[in-house]
Amino acid sequence: MAPRVVSMEADGGSRGNPGPAGYGAVVRDPDTGEVLAERSESLGTATNNVAEYQGLIAGLTAAAELGAAEVDVRMDSKLVVEQMCGRWQIKHPGLRPLAAQAATLVGRFSAVRFSWIPREQNRHADALANAAMDAAAGRPATAAPTGQPATAAAPGQPATTPAAPIIGSDPATAPASWEPRPTFTATRLILVRHGETPYTEQRRYSGRGDVPLSERGRAQARATGARVAELAPSVAAVLSSPLSRCTATAASIAGALGDVPVRTEDDLIECDFGQWEGRTFAEVRQQWPGEMDAWLASPRIAPPDGESFTQVAERAHRVISGLLTAYPGETVVVVSHVSPIKLMLRDALAAGDGFLHRLFLDAAGISVLDMWPDGGVAVRTVNDTAHLAAL
């Protein structure tokens, strides 16, 4: 069993920046130095910073799998440490989804502390990363250490800070251009909220209840299908939440595209609002004032008998990861609900949690994301409703 507190060292790099890339991560018992887990992987062609973030993500994932409650993260990447601590802004779009993924993992622990260490104190993770880079370059792998004892932190080590990836100033070494490299082709995600239902019109919480489209909602679905066909004449797939208000909207879109098959995806279902299902905001505020305040304050808090936004975010991330793997460089339509779409947009924009309660998504609104294989993201459209003006 892993100790309650673990230390984690991570590194990543590329030969050429961008070039053959890989990462390494080591999780240790901080008292004995015993290696509890190692992770390393070749990444193909990527930048140093992308590889470093992937090392962080792999190390945090390994610590979570071991059941650790607290993690002391030690990296020789000043950029990753400062960005995860919130002192440097994450301007490059290729790093934002990776930082958002790392921040989601940080939320699984009771505490995560970040420290910068010199490269010589990060030799184990560095060796793992170099072996992965060798593999990516098609070279014989260099020997990576196994079970090597931890290097003690130097006296006067800088104080660590809990992660809070928000705002600061970028280092001079951060990539300057936001444009994705032209050698890559983006996967385009067209995110569509379902059309109106009776609950939509009455402003009621509509989660797992299978409330069908209203007459106006069906008209919105037809108009949305025509608009999506204009935006993307060629679509590889249409994915939908299994609830009928989404599958009906998806069917209208698929028909406008030439009967593209609709595939349901359970992870696209709306947040489970538990005891708040079918109630208005005013009703919930009156009956559960304390629970409502806590829910608004943190995405990790769930409604009574319901699901937290953090849990929904994990589902949404699985969907996007699967789409990027299954449909590289193609266009996919995703028909879902307010919560999953907001969380996808939050992470794409590297926004804070307050974004979830400030963004309004209309019924049948369309948002468009482009996502590149090197981690680049461009948010093209948010909540386009021009196609509904005549209804």
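Numbering of residues starts from 1 in each chain and follows the order in which that chain's sequence is written. For a predicted model such as this one, the threshold for reporting local features is a pLDDT of at least 70, and the threshold for listing and counting side-chain atom pairs is 80 or more; totals across whole chains, interfaces and linings nevertheless cover every residue. As a rule here, side-chain values cover all heavy atoms of the structure and leave hydrogens and water aside.

Examining the overall build of the protein
Numbering of helices and strands runs from the N terminus, with a helix taken as a DSSP run of H or I at least four residues long and a strand as a DSSP run of E at least two residues long. Helix and strand content of the protein: eleven helices and twelve strands. When checking whether two residues touch, look at their non-hydrogen atoms; a contact exists if any pair is within 4.5 Å. A separation threshold of at least 6 residues defines the contact pool for the protein, and within that pool the share at least 24 residues apart is 73%. Areas reported as accessible are Shrake-Rupley estimates using a 1.4 Å probe. Residue values count occlusion only from the protein chains shown. Surface exposure of the protein reaches about 16700 Å², of which carbon and sulfur atoms provide 51%.

Some details on the pairing of strand 11 (residues 366-371)
In the case of a regular strand, side chains alternate between the two sheet surfaces. For each residue, the accessible area found with a 1.4 Å probe, counting protein chains only, is set against the maximum for its type, and the residue is called buried under 20%, exposed over 50%, and partly exposed in between. Of all six residues in strand 11, six are buried; the element is thus mostly enclosed. Judged by which residues are buried, strand 11 turns out to be covered on both faces: Ile366, Val368 and Asp370 on one side and Ser367, Leu369 and Met371 on the other are all buried. In this structure, strand 7 (residues 187-193) lies alongside strand 11, joined through six bridges in antiparallel fashion. Bridging from a neighbouring strand, Ile190 pairs with Val368 of strand 11. Here, strands pair whenever DSSP counts at least two bridges between them.

Some words on the pattern of salt bridges
By convention in these notes, a salt bridge is any Lys or Arg side-chain nitrogen within 4 Å of a carboxyl oxygen on Asp or Glu. Taken as a whole and assessed by the stated rule, the structure comprises 25 salt bridges. Of the charged contacts, one joins Lys78 and Glu82 as a salt bridge, the two residues approaching to 3.5 Å between their closest N and O atoms. On the criterion of helical spacing, the pair formed by Lys78 and Glu82 is a turn pair, its members being four residues apart in helix 2 (residues 78-84). We classify Glu82 as buried; its relative accessible area is 7%.

Description of the pairing of strand 1 (residues 5-14)
Most of strand 1 sits inside the fold, with nine of its ten residues counted as buried. As paired strands, strand 1 and strand 4 (residues 70-75) are joined by six bridges and run parallel to one another. Note that in strand 4 the partner of Glu9 across the bridge is Arg74. Relative to strand 2 (residues 19-28), strand 1 is paired through eight bridges, and the arrangement is antiparallel. The residue of strand 2 that forms the bridge with Ser14 is Ala21. The hairpin formed by strand 1 and strand 2 contains four residues between the paired strands, and Gly16 there has a positive phi angle of roughly 130°.

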